[in-house]
Amino acid sequence: MNNFLSIYNLDHNLIQSFIKSAAETKNSKSDDDLNFANGKILASIFEKPSTRTRLSFDVAMRKLGGQCIIIDQNELHLGNNKESITDTAKTLSQYVDIVMYRSQSHESLQKLASFSKVPIINGLSDFSHPCQAMADLLTIYEKKSGFEGIKVNWIGPITNVARSWIEIANLNLGIKLKIFSNDYSISEYHKKCEIYKIKPDLDNMEVHNNLKKLDSADVVITDTWESMGETVNEKIIKNFSSYTVNQEMMRIFGDECIFMHCLPANRGQEVTPEVIDGPQSVIWDEAQNRLHIQKEIIKWCL
Ligand code: CP
């Protein structure tokens, strides 16, 4: 059974085929996919808010001919002292064909997958956000015509999207990842890997705590400084105040560098409005690509 929980344990040929197929079907007028998921039902469970993941999975499933049930956390028995993940997994497996789960903890996601008899997709956990990183890859493939030698800079805290990007860097797609973050965030990264027993190594990339090392890049990516659903604290603001992606940084990266952000964004915090809404930003292609990559992920899982 194909669960889509992480990127690091997938084969790079498979990832390449996801991206190529998504790019082809996005630009195709063919109706080939129209009945792919006919009679199938996707359940999407949200323990955190969502705009893009919620809509793109729902629309993707409908475009494949299937149907969706969207369930917020407070609509299920799942949770502390209510119903266990094990019983929830067994119940879901009786009714639906595939489950997308946005979970508070990666451990819950792993547990749901281990007891489910239907495929589980990681729609964001506190560890990773592989669907987002796949949409990012599709955007880079379209904008840069491939991956070989592409220089990607991650700027800011090592968030769940950044951890999925570290997994991508381990795939040997030809992408060169540089992470610019601070020592605290880098040590937290190692702790999270220990907790979830996921260890994509950092040997395939450069990790810097010094922004003076910034130089030209093809792609720059950042993310909000707080985890989803949390408020950003003074310590983070102080530690990352020099990490705001601004025009001066974009001049160092060069005119051909594209700016990416998974959204939602805090304009003025991790990125200035001039950059995120400026000519080098591709955030709306990136958001649109969530739909096209979700279709590929659903097809692979089914
Ligand atoms: N990037 C992303 O996952 O967006 P949502 O939180 O709106 O789903």
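You'll find the structure just up there.
Residues numbered from 1 in each chain as written. Predicted model: local features only at pLDDT ≥ 70, side-chain atom pairs only at ≥ 80, totals over all residues. Heavy atoms only, no water.

(A) Structural context of the environment of Ala 162. Locating Ala 162 in the fold gives a position in helix α6 (residues 160-169). A C-alpha to C-alpha distance of 20 Å links Ala 162 and Ser 216, two positions 54 residues apart in sequence. Once residues within four sequence positions are removed from consideration, Ala 162 is found in contact with Trp 154 and Pro 157. (Helix = DSSP H or I, 4+ residues; strand = E, 2+ residues; numbered from the N terminus. Contact = heavy atoms within 4.5 Å.)

(B) Quick peek at the pattern of salt bridges. Considering all chains together, one arrives at ten salt bridges under this definition. Taking the shortest distance from any N to any O, the salt bridge between Lys 299 and Asp 33 comes out at 3.2 Å. With Lys 299 in helix α11 (residues 283-301) and Asp 33 in the loop between α1 (12-27) and β1 (41-46), this pair connects stretches of sequence that are 266 residues apart. Overall, Lys 299 belongs to the buried group, its relative accessible area being 16%. Among the salt bridges present, the one from Asp 126 reaches Lys 192, with a minimum N-O distance of 3.3 Å. Placement of the pair is Asp 126 in the loop between β4 (120-122) and α5 (130-144) and Lys 192 in helix α7 (residues 183-196), with a sequence separation of 66 residues. Taken together, the salt bridges that share partners define one network made up of Asp 33, Glu 296 and Lys 299. (Salt bridge = Lys/Arg side-chain N within 4 Å of Asp/Glu carboxyl O. Buried < 20%, exposed > 50% of the residue type's maximum accessible area, 1.4 Å probe, protein only.)

(C) Local environment of the site of the ligand. Lining the immediate surroundings of the ligand are eleven residues, of which Ser 50, Thr 51, Arg 52, Thr 53 and His 129 lie closest. Contact between the ligand and Leu 263: a nitrogen atom at 2.9 Å from a main-chain N or O atom of the residue. Considered on its own, the ligand offers 260 Å² of accessible surface; in the complex 97% of this is hidden by protein. Looking at side-chain class alone, the shell around the ligand contains three nonpolar, five polar and three charged residues. (Near = heavy atom within 4 Å. Polar contact = N/O pair within 3.5 Å; in protein donor to acceptor, adjacent residues only side chain to side chain. Areas by Shrake-Rupley, 256 points an atom, 1.4 Å probe, with all protein chains shown as cover. Nonpolar A, V, L, I, M, F, W, Y, C, P; charged D, E, K, R; others polar.)

(D) Summary view of the sheet that holds strand β7 (residues 205-208). If you walk across this open sheet you meet the five strands as β7-β6-β5-β8-β9, and the pairing is parallel. The open sheet has two edge strands with one neighbour each: β7 and β9 (258-261). Adjacent strand axes in the sheet meet at a mean angle of 20° when their direction is disregarded. Pairing geometry for strand β6 (residues 176-180) and β7, over four bridges, is parallel. For Leu 177, the partnering residue across the bridge sits in β7 and is Met 205. Relative to β9, α5 is tilted by about 165°, and along the sheet it contacts β5 (151-155), β8 (219-222) and β9. (Pairing = 2+ DSSP bridges. Axes fitted to C-alpha atoms, helices over the stretch in contact; angles between N-to-C directions.)

(E) The pairing of strand β2 (residues 67-72), seen in detail. Looking at chain direction, β1 and β2 are connected through six bridges and run parallel. Counterpart to Ala 43 in the pairing with β2 is Ile 69. With helix α2 (residues 52-63) bridging β1 and the parallel β2, this β-α-β connection has right-handed handedness. (Right-handed = clockwise from strand over helix to strand, strands pointing away.)

(F) Molecular detail of unusual backbone geometry. Cis geometry is adopted by the peptide bond preceding Pro 264, which originates at Leu 263 and carries an omega value of 5°. Here Pro 264 lies in the loop between β9 and α10 (273-276). Despite not being glycine, Leu 124 shows a phi value in the positive range, around 120°. Positionally, Leu 124 belongs in the loop between β4 and α5. With relative accessibility at 2%, the residue Leu 124 sits in the buried group. A positive phi is found at Asn 172, a non-glycine position, where the angle reads about 60°. Looking at where Asn 172 falls in the secondary structure, it is placed in the loop between α6 and β6. Given the relative accessible area of 57%, Asn 172 is considered exposed.

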